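This is what each chain is made of:
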Amino acid sequence: TAIQNMMAVIRTVLEPYCLVEPTHAVRCLRSLMHGFVSLEAAGWFNAPADKEESYRYLIATFINGIESSQQLLPSSPPAATGDAAGQRTERETKL
């Protein structure tokens, strides 16, 4: 179906970010795109700013957020630093 095809495209776009659980990012990106298009169709973008530039800014901001959040995730199990080796700290568990 069209929805499955669109979701496959979004997942493919987000694949290079190696997200542990991509469902949240897929939902967020889809919601951003849907919201922008819905507002545009309803005539809410009357300001003289270029709509395409606003859309690119929206997507770039989302991707920057994904990239920033990936930097917070440990890439490998933490080394022993007083805790048992391989155990995640409370902060890492919450991320």
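Use the structure listed above.
So, here is what we can say about the structure in this document.

### What to know about helix 2 (residues 22–41)
Here is step 1 of the chain: For helix 2, spanning 20 residues, the distance from its first C-alpha to its last is 28 Å, which sits close to the expected 28 Å at 1.5 Å a residue.
Here is step 2 of the chain: Of the positions making up helix 2, those classed as buried are Ala 25, Val 26, Leu 29, Met 33 and Phe 36. On an axial view of helix 2, the arc spanned by its buried residues comes to 110 degrees, and they lie on one face. Exposed residues on helix 2 whose side chains face more than 90 degrees from its buried face are His 24, Arg 27, His 34 and Ala 41.
Here is step 3 of the chain: Directly after helix 2, the chain includes Gly 43, whose backbone phi takes a positive value near 85 degrees.

### Side note on a negative patch on the surface
Here is step 1 of the chain: A surface patch of negative charge is lined by Glu 40, Asp 50, Glu 52 and Glu 53.
Here is step 2 of the chain: Take Glu 40: it is sitting in helix 2.

### Quick word on helix 1 (residues 2–14)
Here is step 1 of the chain: With 13 residues, helix 1 should reach 18 Å at 1.5 Å per residue; the first-to-last C-alpha distance of 19 Å fits that figure.
Here is step 2 of the chain: Among all positions of helix 1, only Met 7, Ile 10 and Leu 14 are buried. Looking straight down helix 1, one finds its buried side chains confined to an arc of 60 degrees; they lie on one side. Away from its buried face by more than 90 degrees, helix 1 exposes Ala 2, Gln 4, Asn 5, Val 9 and Thr 12.

Rules and cut-offs
Residues numbered from 1 in each chain as written. Predicted model: local features only at pLDDT ≥ 70, side-chain atom pairs only at ≥ 80, totals over all residues. Heavy atoms only, no water. Helix = DSSP H or I, 4+ residues; strand = E, 2+ residues; numbered from the N terminus. Expected span 1.5 Å × (residues − 1). Buried < 20%, exposed > 50% of the residue type's maximum accessible area, 1.4 Å probe, protein only. Arc of directions from axis to C-beta. Patch = residues over 30% accessible without salt bridge, like charges linked within 9 Å, V, L, I, M, F, W, Y side chains within 5 Å. Areas by Shrake-Rupley, 256 points an atom, 1.4 Å probe, with all protein chains shown as cover. Salt bridge = Lys/Arg side-chain N within 4 Å of Asp/Glu carboxyl O. Lys, Arg positive; Asp, Glu negative; His and termini not counted. Charge placed at Lys NZ, Arg CZ, Asp CG, Glu CD.

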